[in-house]
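Remarks on the overall topology
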Amino acid sequence: GTRRLAKGTRLDRALAHELLGAAESGMLDEALHLGWADAGDLHEDEAAHRLALAVGGAGTDLRPPHLSRVDVAAKWDGVLHVRTAPLVAINTLDPLEVFTLFHAQCVASGEVVASVKVAPHLLPGEVVREGMRLARTDGPVVEVRPYRAHEVPAIVAEGIGEPQFDRFVAGAVAKLEALGSRFAGAVRVWEPDAARSASRAQASLERLVLEDRHPIVLVTGVSAGDPLSPFREALLALGGSFVRHGVPAHPGSMIWLARLRGSTLLGLPGCGMFSLATAADLLLPRLLTGEVLD
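Reference entry: report on the structure contained in this document. (Residues numbered from 1 in each chain as written. Predicted model: local features only at pLDDT ≥ 70, side-chain atom pairs only at ≥ 80, totals over all residues. Heavy atoms only, no water.)

**Observations regarding the packing of helix H2 (residues 44-55) against helix H4 (residues 125-136)**
Each pair of packed helices can be summarised by the angle the axes make with each other and by the distance between the axes. Operational definition: Every axis corresponds to a line fitted to the C-alpha atoms, with the helix fit spanning only the stretch in contact, and the corresponding angles, defined between N-to-C directions, vary from 0 to 180 degrees. By definition, any uninterrupted DSSP run of H or I lasting at least four residues is a helix, any uninterrupted run of E lasting at least two residues is a strand, and each is numbered from the N terminus. Angular relationships are summarised with four words: roughly parallel below 35 degrees, roughly antiparallel beyond 145, roughly perpendicular across 65 to 115, and oblique for the angles in between. Crossings are sorted by hand: turned counterclockwise from the far helix by less than a right angle, the near helix makes the crossing left-handed, and turned clockwise it makes it right-handed. Throughout, a contact is declared for two residues whenever any of their heavy atoms are within 4.5 Å. When residues are grouped by polarity, Ala, Val, Leu, Ile, Met, Phe, Trp, Tyr, Cys and Pro land in nonpolar, Asp, Glu, Lys and Arg in charged, and all others, Gly among them, in polar.
Two elements in contact, H2 and H4, have axes separated by 8 Å at closest approach and are oriented at 15°. As summarised for this structure, H2 and H4 are arranged roughly parallel, according to the angle between their axes. With respect to the hand of their crossing, H2 and H4 are arranged in right-handed fashion. Across from Ala47, Arg50, Leu51, Ala54 and Val55 in H2, the residues of H4 making contact are Val128, Gly131, Met132, Ala135 and Arg136. Tallied by class, residues from the contact of H2 with H4 come to seven nonpolar, one polar and two charged.

Below, the structure written as structure tokens:
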């Protein structure tokens, strides 16, 4: 008559007496369903909280239960990593529910990256313990890897005019600063003569990778599908290797990954730095967390 009780409300002695009094006085206007916990049973909020503790790893915080759901939030800006095998295994356990954002998705501090819920108001504790065991096997289900502050240079291996070059630089500055890093400038190596172009590219790689040891170097003007590029010749001459030609995303067929010593080279067309969204936006954030992409 005067107020409503939410589903899953725990009854203490005072509330029980209040309900009995309402029933006796005719104020209880709807049927009341009660659940009595057996030995080892857990309340839904406690079950979700325990499972969320096991699901969330480094870079995550738990939010208080809301509607019997516990949210897992990012502690800092970074890239979300989801281990899908234990996630699937947990969700085959009736009645556990764990749902997440996408693996390798960029997330912001405070953003909810996963949620944990159970269906009934009471459930056996052994089901939750099995879910926790699955979540903790070989590491947590979700973690947020923070961006590292890098100085990232670029090599321009094509002949482009000043407007396009300036636009490339502006795009690189904006994207890197948004991810906590700094653009360290661009070196132009293109020459009309292929041999001279290869020589200049090799000299730039020697300085940026072998001497300065930048862990990430951007390269523009080298198509993933061009096996005769002077830059490719220079990279291979120094003992580098290509990891991937093209990325299974659109636009992404011109993007490539290469390794030289301990550095990763991300090759992309000039528009890859200033277009609204390309495959570079899938790869660059992961590289800036220190992840080694294969």
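**With respect to the environment of serine 253**
Along the chain, the position of serine 253 falls in the loop between strand S13 (241-245) and strand S14 (256-260). Residues serine 253 and alanine 224 lie 29 residues apart in sequence; the distance between their C-alpha atoms is 7.2 Å. In this view, serine 253 contacts Ala224, Gly246 and Val247; residues no more than four positions away in its chain are not counted.

**Comments concerning the sheet that holds strand S3 (residues 69-74)**
Applied cut-off: Between any two strands, at least two bridges found by DSSP are needed for them to pair.
If you trace the four strands from one edge of the open sheet to the other, you get S2-S3-S7-S5, paired in antiparallel fashion. The open sheet has two edge strands with one neighbour each: strand S2 (60-62) and strand S5 (96-100). For this sheet, the mean angle separating the axes of adjacent strands, direction not counted, is 20°. The sheet contact formed by S2 and S3 spans three bridges and is antiparallel. Bridge pairing links leucine 62 to valine 72 in S3. Helix-sheet contacts for H2 involve S2, S3, S5 and strand S7 (112-118), and the interaxial angle to S7 is about 140°.

**Let's talk about helix H5 (residues 162-178)**
Where we set the bar: How far a helix is expected to stretch is found by multiplying one less than its residue total by 1.5 Å. Burial here depends on accessible area, computed with a 1.4 Å probe over protein chains only, as a share of the maximum for the residue type. Under 20% is buried, over 50% is exposed, and the range in between is partly exposed. Along the arc lie the directions from the helix axis toward the C-beta atoms.
The end-to-end C-alpha separation of H5 is 24 Å, in line with the 24 Å expected for 17 residues at 1.5 Å each. Along H5, the positions that sit buried rather than exposed are Phe165, Phe168, Gly171, Ala172, Lys175 and Leu176. Seen from one end, H5 has its buried residues packed into an arc of 130°, which puts them on one side. Seen from the open side of H5, the exposed residues pointing more than 90 degrees away from its buried face are Pro163, Glu177 and Ala178. Against strand S10 (151-156), strand S11 (182-188), strand S12 (216-220) and helix H8 (280-287) lie the buried residues of H5. Trailing H5 by a residue or two, glycine 180 shows a phi angle of about 85°, which is positive.

Distances and angles like these do not, on their own, reveal function.
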